[in-house]
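Commentary on secondary and tertiary structure
Next come the chains, spelled out residue by residue.
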Amino acid sequence: MLSLINITQQFGDKILYEELNLQVNKGEHVGLIGQNGAGKSTLIKIITGEQLPDEGRVEIAKNCHMGYLDQYVRVNETLTIEEFLKTAFQKELDIEQEITELYTRYSETFEDKLLERAGRLQTQLDQGEFYQMNTLIQEMATGLGIDVLGLDSLLKNLSGGQRSKVILAKLLLEKPDMLVLDEPTNHLDDTHVQWLTEFLKGFNGTFLVISHDRAFLNEITTHIADIEFGQLTKYTGNLTKALKQKEANRESYLRQYEAQKRHIEKTEAYIRKYKAGSRSTMAKSREKQLDKIERLTPPSDTAKPNFQFPYKPIVSTLALTTDALVVGYDKPLLNPINLTIRYGEKIAIRGFNGIGKSTLLKTLIGEIPAISGEFHFPANTKINYFSQELVWESPLETPLQYLGNLYEKATIKDLRRQLSRAGLVNQLAQEPLKMLSGGEQTKVKLAQMTMTDGNLLILDEPTNHIDQETKESLQQSLAEYEGTVIVVSHEQDFYEAFVERVIEIEG
């Protein structure tokens, strides 16, 4: 279905891949994994033709209908959700329109060939799923939690996350031969992730999916494609099997790399010592041999994240109380909320996507006003907030410039240290924010939190883009934090290790 042949890609001094190869066969369900910044999303762009590789080529099977989940695709915002989902059946709708026109022309000319053409087209519609269109749309809307938004809602009134779900629904309704999905679970809650899991397990076509949700990937994959050391390795089996094989391969690779490194250093020392002396012929011979060696790519220098959120103690029994708090924009999203959170408690807020979890958090931090009711924090509460949106006022700023503008008293050394602790090495600290991957941008925001004093951490979907290593480090930091933690996350595996209570805000 898909072949990547000798793909080489470089950004500035950073080589993403060298002569990378991948073959995806019909019916394979492939998960694409790799650390943040390994180039997963770039590879998707190369596959879909959005970006040309520096070298190499992409081959797609003839007549293969490829469907790509592009969360930033331009849509006609005047359409309702239902009208937009119906465009998944545009080919069939066009056929229906043509049948109507053929009958109209027949009523004027009585040409038999018009009837014959209409009959053939009608058979085509009868044999497909066109007459189940409304049922299929309703099932998809329910499965992904879109029905609660109201199918008559206009696209222009949807949030970014809601729009992403609607675009995913349309793509799945189209049933392409091959699906290419970049983080499809980012805007889904537990229930709808489970629905999508079952859908993809039963999908007869081929797909390539990027996801940092390990439980999801483990369920849906038959193969894993892993980018590391600038190369891609394809493993047979789900994520658990692939990671076992990868660990064995990694240890072997590191042994080979260290052995080659020692050999090169020893040879270079010999050449320096004897190049001008009596053994110069031998030294030159070794130099030629050294030039011919195919050097192994050094192991990734991605720093292991280590988050430490500064804690400013206060004396209080309660961290937050709400009294009949109603949140929303033009109209209430939820029933009145009566909530009591003890100081030092760690809680997760759960509810289906679009129900109003982010709206609740934005109300609590004062970003949007409450519709009615009250909420109260004790005196000296300092909130440290993580927003899930990766939107920057100045996307051409580097992480160093961004943090430097926020914390003017911090030295360059301090800023570099905090970014390094968040897993961003020096080179990435000097790249424009918009050039960083989603995971790297998230690390900048987490680094910002490590420079902000607080006693109440509020995090809205912090794991959306980050790799497993970063996720585990964040998990540990939140478990050790002395203050109160409120987290919204669709990844139960992430929060269940450290929260004491899960608050459901459905119903």
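The structure reproduced in this document is the subject of the present report. Along every chain, residues carry numbers that run from 1 in the direction the sequence is written. Where local features are concerned, this predicted model is filtered to residues with pLDDT of at least 70; where side-chain atom pairs are given and counted, the filter is 80 or more; whole-chain, interface and lining totals use all residues. Here the side-chain values reflect all heavy atoms present in the structure, with hydrogen atoms and water set aside.

Details of the environment of alanine 215
- Runs of E in the DSSP output that reach at least two residues are strands. Runs of H or I that reach at least four are helices, and both are numbered from the N terminus. Here alanine 215 lies in helix α8 (residues 214-220).
- Assessed through its relative accessible area of 39%, alanine 215 is described here as partly exposed.
- Considering only alpha carbons, one finds alanine 215 and isoleucine 371, 156 residues apart in sequence, at a separation of 38 Å. Per-residue accessibility, obtained with a 1.4 Å probe over protein chains only, is compared with the maximum for each type, and a residue is labelled buried under 20%, exposed over 50%, and partly exposed between these values.

A closer look at a negative patch on the surface
- Here a patch means residues that are over 30% exposed by relative accessible area and free of salt bridges, tied together within 9 Å if like-charged and within 5 Å if nonpolar (Val, Leu, Ile, Met, Phe, Trp, Tyr). Only the protein chains shown count as cover for residues, and the accessible areas themselves come from Shrake-Rupley with a 1.4 Å probe. Counted as salt bridges are all cases of a side-chain nitrogen of Lys or Arg within 4 Å of a carboxyl oxygen of Asp or Glu. Just so you know, the count uses Lys and Arg for positive and Asp and Glu for negative, and it drops His and the chain ends. A charged residue contributes its charge at one atom only: NZ of Lys, CZ of Arg, CG of Asp or CD of Glu. Taken together, the side chains of Glu18, Glu19, Asp54, Glu55 and Glu294 make up a negatively charged region of the molecular surface.
- Looking at the element boundaries, aspartate 54 is found in the loop between α1 (40-47) and β4 (55-60).
- When its relative accessible area of 45% is taken as the criterion, aspartate 54 is described as partly exposed.

Some points on the sheet that holds strand β11 (residues 337-342)
- Only strands that DSSP links by at least two bridges are regarded as paired with each other. The strand order β11-β10-β13 describes an open sheet built from 3 strands, whose pairing is antiparallel. Each of the sheet's edge strands pairs with one partner strand only, and the pair in question is β11 and β13 (372-376). Within this sheet the neighbouring strands show an average axis-to-axis angle of 0°, counted without direction.
- As paired elements, strand β10 (residues 318-326) and β13 share 4 bridges and run antiparallel to each other. Axis angles are defined between N-to-C directions and span 0 to 180 degrees, where every axis is a line fitted to C-alpha atoms and, for a helix, only to the segment in contact.

Considerations on the packing of helix α12 (residues 399-406) against helix α13 (residues 412-421)
- Close contact between α12 and α13 brings their axes to 10 Å; oriented N to C, the two are set at 120°. Between α12 and α13, the angle is such that the two are oblique. Remark: the crossing between α12 and α13 carries right-handed chirality. Contacts from Pro399, Leu400, Leu403 and Gly404 of α12 reach α13 at Ile412, Leu415, Arg416 and Leu419.
- For the contact of α12 with α13, a count of residues per class yields 6 nonpolar, 1 polar and 1 charged. Oblique is the label for every angle not falling under 35 degrees (roughly parallel), over 145 degrees (roughly antiparallel), or within 65 to 115 degrees (roughly perpendicular). For any helix crossing, the convention is left-handed if the near helix is rotated counterclockwise from the far helix by under a right angle, and right-handed if that rotation is clockwise. Residue contacts are defined here by distance: any two heavy atoms, one from each residue, within 4.5 Å place the two residues in contact. Each residue is assigned to one class: nonpolar for Ala, Val, Leu, Ile, Met, Phe, Trp, Tyr, Cys and Pro, charged for Asp, Glu, Lys and Arg, and polar for all the others, Gly among them.

A word on the packing of aromatic side chains
- Pairing of aromatic side chains here covers Phe, Tyr and the six-membered ring of Trp, requires ring centres within 6.5 Å, and sorts the geometry by plane angle: under 30 degrees stacked, over 60 edge-to-face, intermediate tilted. Overall, the coordinates contain 11 aromatic pairs when judged by the stated rule.
- Where phenylalanine 130 meets tyrosine 131, the ring centres are 5.1 Å apart and the plane angle is 70°; that geometry is what we call edge-to-face.
- Where phenylalanine 375 meets phenylalanine 377, the ring centres are 5.9 Å apart and the plane angle is 75°; that geometry is what we call edge-to-face.
- Take phenylalanine 377: its relative accessible area is 17%, and that puts it in the buried class.
- Of the aromatic side chains, those joined through ring pairs into one cluster are Trp195, Phe199, Phe203 and Phe207.
- Two limits define a charge over a ring: the Lys NZ or Arg CZ must be within 6 Å of the ring centre, and within 35 degrees of the ring normal. Arginine 286 extends its terminal NZ or CZ atom over the ring of tyrosine 270, reaching a point 3.9 Å from the ring centre.

A word on the nonpolar core
- Side-chain atoms within 4.5 Å are what join buried Ala, Val, Leu, Ile, Met, Phe, Trp, Tyr and Cys residues into a set we call a nonpolar core. Residues Ile81 and Ile146 are the most contacted members of the largest nonpolar core, which totals 50 residues.
- Examining the composition of this core, we find that 7 residues originate from one element, helix α6 (residues 160-174), more than from any other.
- Taken together, domain 1 (1-65 + 178-201 + 211-237) and domain 2 (76-175) each give at least three residues to this core, which thus spans both.
- Contacts of isoleucine 81, omitting those with residues within four sequence positions, involve Ile146, Leu149, Gly150, Leu151, Ser153, Leu155, Leu158 and Val166.
- Phe309, Leu415, Leu436 and Val499 belong to the second largest nonpolar core, which has 34 residues in total. Boundary definitions for the domains trace back to an automatic or database domain assignment.

Remarks on the pairing of strand β8 (residues 223-228)
- Summarising burial for β8: 6 of the 6 residues are buried, a large majority.
- Side chains of β8 alternate between two faces, with His223, Ala225 and Ile227 and Ile224, Asp226 and Glu228 buried alike.
- The pairing of strand β3 (residues 29-33) with β8 spans 4 bridges and is parallel. Its bridge partner lying in β8, glycine 31 is registered against isoleucine 224.

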